[in-house]
Amino acid sequence: MAKNGKDDSTGFLVIVGIIVLLILLPLIPIIFGIITIINWFKLRKKEKEYPNKTATDFWLNTQEKEHFKEMSDNIPIAYRNVQNAKQAGLDEDLPRNQDGSFSNRRNRGKEINSIINENQSYIDNNLWRIKLLESKPIDDWQNMRKIYANFKASSYTILIWFFAFYITFSQYFKKPLLSLSEIYSHYVYGTTTYISLKDEWPNKLLTTLGITAVITLIGYFLMKYVGKYMFANKYPKPQKVTKHNIDEFSKPLNAV
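Overview of the structure.

Analysis parameters
- Chains are numbered independently. Their residues run from 1 in the order of the written sequence.
- The predicted origin of the model limits local features to residues at a pLDDT of at least 70 and limits the giving and counting of side-chain atom pairs to 80 or more, whereas totals for whole chains, interfaces and linings rest on all residues.
- Computation of side-chain values: all heavy atoms of the structure, hydrogens and water removed.
- Numbering goes from the N terminus for both helices and strands, where a helix is a DSSP run of H or I of at least four residues and a strand is a run of E of at least two.
- For each residue, the accessible area found with a 1.4 Å probe, counting protein chains only, is set against the maximum for its type, and the residue is called buried under 20%, exposed over 50%, and partly exposed in between.
- An expected span of 1.5 Å times one less than the residue number is assigned to each helix.
- We define the bend at each residue as the angle formed by axes fitted to the 7 residues ending at it and the 7 residues starting at it.
- The contact criterion used throughout is that any non-hydrogen atoms of two residues lie within 4.5 Å.
- Criterion for a salt bridge: a side-chain nitrogen of Lys or Arg within 4 Å of a carboxyl oxygen of Asp or Glu.
- The angle between two axes is taken between their N-to-C directions and runs from 0 to 180 degrees, where each axis is a line fitted to C-alpha atoms and a helix contributes only its stretch in contact.
- Orientation labels follow simple angle bins: below 35 degrees gives roughly parallel, above 145 gives roughly antiparallel, 65 to 115 gives roughly perpendicular, and whatever is left gives oblique.
- With the far helix as reference, a near helix turned anticlockwise by less than a right angle produces a left-handed crossing, and one turned clockwise produces a right-handed crossing.
- Just so you know the grouping, Ala, Val, Leu, Ile, Met, Phe, Trp, Tyr, Cys and Pro go in nonpolar, Asp, Glu, Lys and Arg go in charged, and all remaining residues, Gly too, go in polar.
- Patches here are clusters of residues that have more than 30% relative accessible area and form no salt bridge, with a 9 Å joining cutoff for like charges and a 5 Å cutoff for nonpolar side chains (Val, Leu, Ile, Met, Phe, Trp, Tyr).
- We get accessible surface area from the Shrake-Rupley algorithm with a probe of 1.4 Å; when it comes to residues, only the shown protein chains can shield them.
- Asp and Glu are treated as the negative residues and Lys and Arg as the positive ones, with His and the ends of the chain left uncounted.
- The location of each charge is read from NZ of Lys, CZ of Arg, CG of Asp or CD of Glu.
- In this scheme Phe, Tyr and Trp rings, the latter by its six-membered ring, pair at centre separations within 6.5 Å, and the angle between planes marks the pair as stacked below 30 degrees, edge-to-face above 60, and tilted otherwise.

**Section: the side chain of Ser72**
Step number 1: Mapped onto the elements of the fold, Ser72 is located in helix α3 (residues 62–91).
Step number 2: Exposure remark for Ser72: the relative accessible area of 9% places this residue in the buried category.

The structure is reproduced here in structure tokens:
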């Protein structure tokens, strides 16, 4: 009796698993279809921003280039001013506070601290900005590559899902179309008389759904990798911005 109870529980769990997977099964291509549409609109928007498919598409615009040049010139000057002011304070043997800064008890100390604070403030406020501009072309390129790869992955995954399901299903069911029809009739109309289905068909169906899910997941991540490779061939990766190459490229006027 205990064995029969265990078999009944196992059979019940198998049936519940199949029902859940059958409910989720049609949602997989629908979900990936929605994701594909969203990624398509994102990609279309990005393609308008980068219309020429060259490294110049991702380059700094005129205003950004001017800011970069200004900060490239001024940040080293600010660093030198800070170092020179600190050295001047040491050379003049100005009194110092416990934290190492110069005391404001003398006018010269106030003057030195003013120079240090003003220049250090400029460095703190602009160093992160110039680093952002340095990497902006590459960051924009990588962002578009991600969108492109996601679009390719989600669109091809729909095909992978159908292909994987049909091929796997055909391995377990000799007459796949008839078997699918009978499975549908069983769960929708409660049909219990079959032409194609055999006694072990619930387990075979569960195995088919599991294998399909695994293949689909692997296919999705594989297509993301392939999509990144395809994008790199379509859109050349830009360089990191420096003082030496900043004027080698100009962002196209037709870019958004």
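So much for the structure itself; the text now carries on.
**Looking at helix α4 (residues 107–172)**
Step number 1: Over its 66 residues, α4 runs 91 Å from end to end, which matches the ideal 98 Å to within 8%, given 1.5 Å per residue.
Step number 2: At Lys136, α4 shows its maximal kink, close to 55°; a proline, Pro137, follows between one and four residues later.

**Focus on the side chain of Thr168**
Step number 1: Structurally, Thr168 is set in helix α4.
Step number 2: Judged by its relative accessible area of 7%, Thr168 is buried.
Step number 3: Sequence-distant contacts of Thr168, that is, excluding residues within four places in its chain, are made with Thr208, Ile211, Thr212 and Ile215.

**Some details on helix α2 (residues 27–49)**
Step number 1: Relative to the 33 Å expected for 23 residues at 1.5 Å per residue, α2 spans 33 Å between its end C-alpha atoms, a close match to the ideal helical length.
Step number 2: Burial in α2 covers these residues: Pro29, Phe32, Gly33, Thr36, Asn39, Leu43, Lys46 and Glu49.
Step number 3: Buried-residue contacts for α2 involve α4 and α6 (201–234).

**Describing the environment of Glu111**
Step number 1: Note on placement: Glu111 falls in helix α4.
Step number 2: Once the C-alpha coordinates of Glu111 and Ala85 are considered, the two residues, 26 residues apart in sequence, prove to be 9.1 Å apart.

**Some points on the pattern of salt bridges**
Step number 1: Tallied over the entire structure, the rule returns 9 salt bridges.
Step number 2: Here Glu64 ties to Lys136 by a salt bridge, and the two come within 3.7 Å at their closest N and O atoms. Of this pair, Glu64 sits in helix α3 while Lys136 sits in helix α4, and the two are 72 residues apart along the sequence.
Step number 3: With a shortest N-O distance of 3.0 Å, Lys69 and Asp247 are connected by a salt bridge. Here Lys69 is found in helix α3, whereas its partner Asp247 is found in the segment after α6, with 178 residues between them in sequence.
Step number 4: Linked by salt bridges that have partners in common, Glu64, Lys136 and Asp140 make up one network.

**Concerning the packing of α3 against α4**
Step number 1: In contact at an axis separation of 8 Å, α3 and α4 are set at 150° when each is read in the N-to-C sense. In terms of axis orientation, α3 runs roughly antiparallel to α4. Crossing hand, α3 versus α4: left-handed.
Step number 2: Broken down by class, the residue content of the contact of α3 with α4 amounts to 16 nonpolar, 8 polar and 7 charged.

**Observations concerning a positive patch on the surface**
Step number 1: A surface patch of like charges, here positive, comprises Lys174, Lys175, Lys198 and Lys204.
Step number 2: Within the secondary structure layout, Lys204 lies in helix α6.

**A look at the environment of Tyr172**
Step number 1: By the secondary structure assignment, Tyr172 is in helix α4.
Step number 2: With residues up to four places along the chain from it excluded, the contact list for Tyr172 reads Lys204, Thr207, Thr208 and Ile211.

**Examining the packing of aromatic side chains**
Within a pair of aromatic rings, the relevant descriptors are the distance that separates the centres and the angle that separates the planes.
Step number 1: Counted according to the given criterion, the structure contains 10 aromatic pairs.
Step number 2: Aromatic side chains Phe58 and Tyr235 sit 6.1 Å apart centroid to centroid with 75° between the ring planes, which places their arrangement in the edge-to-face category. Of this pair, Phe58 sits in the loop between α2 and α3 while Tyr235 sits in the segment after α6; the two residues are 177 residues apart in sequence, bridging distant segments of the chain.
Step number 3: Exposure remark for Phe58: the relative accessible area of 0% places this residue in the buried category.

Everything listed here is a matter of geometry and, on its own, says nothing about what the molecule does.
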